Amino acid sequence: MKSRKQDKRTGARVGVLHTPHGDIMTPTYMPVGTQATVKGITPASLKDAKTQILLANTYHLYMRPGDELVKKAGGLHKFMAWDRPILTDSGGFQVFSLAKLNKIKDEGVYFNSHVDGSLHFIDPEKAMDIENNLGADIIMAFDQCTAYGVDYKGSKAAMERTLKWLDRCYTHHKNPMQALFPIVQGNVYKDLRIESLKATIPYAKYGIGIGGLSVGEPKNIMYEVMDEMLPYYPTAVPRYLMGVGSPDCLIEGVRRGIDMFDCVLATRVGRNGTALTSHGKVVVRNGVYKEDFTPLDDECDCYACKNYTKAYLRHTINVGEMIGGMMISLHNVTYLNKLMSEIRTAIMEDRITEYAEEFYLKTGGTYK
RNA sequence: GCGGGUGUAGCUCAGUUGGUUAGAGCGCGAGAUUGUGGUCCUUGAGGUCGUGGGUUCGAUUCCCAUCUCCCGCC
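Since the structure is predicted, the reported quantities are computational estimates derived from the model, not experimental observations.

Section: the protein's contact with RNA strand B
In the vicinity of RNA strand B, 44 residues are found, and the nearest of them are G243, V264, T267, N272 and R314. Between RNA strand B and K281 there is a distance of 3.3 Å, counted from a phosphate oxygen to a side-chain nitrogen or oxygen. Of all the secondary structure elements, the ones that give two or more residues to the surface near RNA strand B are strand 5 (54–57), helix 5 (92–97), strand 15 (260–263), helix 11 (265–271) and strand 17 (280–283). Considering every element that reaches the surface near RNA strand B, the biggest residue donor is helix 11, with 5 residues.

Written out as structure tokens, the structure reads:
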């Protein structure tokens, strides 16, 4: 990664990340395409939305259609018709989010498929094999994520196991065309975070993931943990805050030195009728928009905003027509990409702090 | 015309052997959603229990009349 600018007052910075499928301007937001598709948005529209990189999910693609099949198809890029960079999650988060189905041991994780209940086993080596088959530009190490509320002892054990697994991932991963990002854990315990970060840095050749945040803890606690880690990050590689976030979290993350984010929020709330706009959150489903014949966001030039009114989008959402969810998802992704673009410009012009203030003023506290 | 049935929330229906603020599903309103197990979840509003009488301490419930709709018969 090449640095373009480091803000003097905050951790915010602008850089360029090189990958086999093109450069990425950071800070950046990655839409989530769990099952080799960003739900409801075509690759062409993702490009219109100025998407630079997508995230796809190892666990889900391993289950269906299977990583061998994706490899046979010519790799994930070809399979899903996306020729820009892709990052794959390792499946570690699913171990956490599907916890009822699994048994975590030092050697790896035994779990039952959420699809058909069949027994599976994934360990660091297997996760690397799957990610190698999928063929993303950036791959994540197999980690153990803990929930908010897990005690110190449990969080320490998971953090230490993540480090052991990291070493195995690092040793096993051989493809030089795929950049392996290690993941920092440690829950909300500051000393665990610092310990994890320091021990992870030797493996952070291309980038570093910050995992285990935004898992239910209050935002101020997440921010405090990030403040704590900021002085210790390596400067030459991108820092990726996993699973974040909402517009306000993106800004706060950038101010705390984060370069990459991914989040399902934009598409999940989008297909359920909530828009993220430059004037704040708009719950299109709500009755007040029944006869609102204006676009979602008057500052947006996405296809949805150029062609449809809130009244129409509300109607289609309410009757369950796909176009509503598709359009609001497209808008949301467009908005987050635009937000990141504005953030990069603000950093370059030494006014990220002012930009953040304007953002909160303009969105009226609807993001919180 | 006769016989039987029916009428409870916007819709489809429960219910009460007569007893405090009458329920469900759907719909409607609102909230929620952060490395996605394709809306799950939380919550709110809304009813003269067809109408008018009667019996009773008390009727949505029992009785009478009347109206509505459905079925059958002539």
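Structural notes on the sheet that holds strand 5
With respect to topology, 4 strands assemble into an open sheet ordered 5-6-10-11, the strand pairing being parallel. Two strands bound the open sheet, and with one partner strand each, they are strand 5 and strand 11 (179–181). Strand-to-strand twist in this sheet, taken as the mean axis angle between neighbours without regard to direction, amounts to 25°. For strand 10 (residues 138–140) and strand 11, the ladder comprises 3 bridges, and the chain directions are parallel. Its bridge partner being in strand 11, I138 is matched across the sheet by A179.

Focus: the environment of M1
Locating M1 in the fold gives a position in the segment before strand 1 (2–6). A C-alpha to C-alpha distance of 6.8 Å links M1 and P238, two positions 237 residues apart in sequence. Residue contacts for M1: discarding those within four places in its chain leaves R13, G15, V16, L17, T26, A236, V237, P238 and D259.

Some words on the confidence of the model for chain A
Per-residue pLDDT for chain A has a mean of 94; in total, 99% of the residues score no lower than 70. For this predicted complex, the interface confidence comes out at an ipTM of 0.81, alongside a pTM of 0.94.

Overview of helix 8 (residues 190–200)
Among the residues making up helix 8, those that are buried are L192, R193, I194, S196, L197 and T200. If you follow the buried residues of helix 8, they end up packed against helix 7 (152–172), strand 12 (183–184), strand 13 (208–210) and helix 9 (219–229).

Digging into the packing of aromatic side chains
All told, the structure shown has 9 aromatic pairs when counted by the stated rule. Between Y170 and Y203 the ring centres are 5.1 Å apart and the planes differ by 85°, which places this aromatic pair in the edge-to-face class. In this pair, Y170 sits in helix 7 while Y203 sits in the loop between helix 8 and strand 13, placing the two residues 33 residues apart along the sequence. Centre to centre, the rings of Y303 and Y308 are 6.2 Å apart; their planes meet at 70°, and the pair counts as edge-to-face.

Focus: the side chain of H120
Residue position: H120 is located in strand 9 (residues 119–122). Among the residues examined, H120 registers a relative accessible area of 18% and is labelled buried. A polar contact is formed between the side chain of H120 and the side chain of Y62, at a distance of 2.8 Å. Excluding its chain neighbours within four sequence positions, the residues that come into contact with H120 are Y62, M63, V109, Y110, F111 and S113.

A closer look at the side chain of Q178
Structurally, Q178 is set in the loop between helix 7 and strand 11. Residue Q178 is classed as buried on the basis of its relative accessible area of 3%. Those residues in contact with Q178 that lie beyond four places of it in its chain are E131, N132, G135, A136, D137, I139 and H173.

Regarding the nonpolar core
Grouped together as the largest cluster of nonpolar side chains are 90 residues, with contacts concentrated most on L76, M229, L339 and I343. For this core, the leading source of residues is helix 14 (residues 322–348), giving 11 residues. Among residues more than four places away in sequence, those in contact with M229 are V184, R193, I194, L197, I210 and L213. Grouped together as the second largest cluster of nonpolar side chains are 15 residues, I24, L87, I183 and M242 included.

Criteria and cut-off values
- Residues numbered from 1 in each chain as written.
- Chains lettered and ligands numbered in written order.
- Predicted model: local features only at pLDDT ≥ 70, side-chain atom pairs only at ≥ 80, totals over all residues.
- Heavy atoms only, no water.
- Near = heavy atom within 4 Å.
- Polar contact = N/O pair within 3.5 Å; in protein donor to acceptor, adjacent residues only side chain to side chain.
- Helix = DSSP H or I, 4+ residues; strand = E, 2+ residues; numbered from the N terminus.
- Pairing = 2+ DSSP bridges.
- Axes fitted to C-alpha atoms, helices over the stretch in contact; angles between N-to-C directions.
- Contact = heavy atoms within 4.5 Å.
- pLDDT = per-residue confidence, 0-100.
- Buried < 20%, exposed > 50% of the residue type's maximum accessible area, 1.4 Å probe, protein only.
- Phe/Tyr/Trp six-rings, centres within 6.5 Å; stacked < 30°, edge-to-face > 60°.
- Core = buried A, V, L, I, M, F, W, Y, C linked by side-chain atoms within 4.5 Å.

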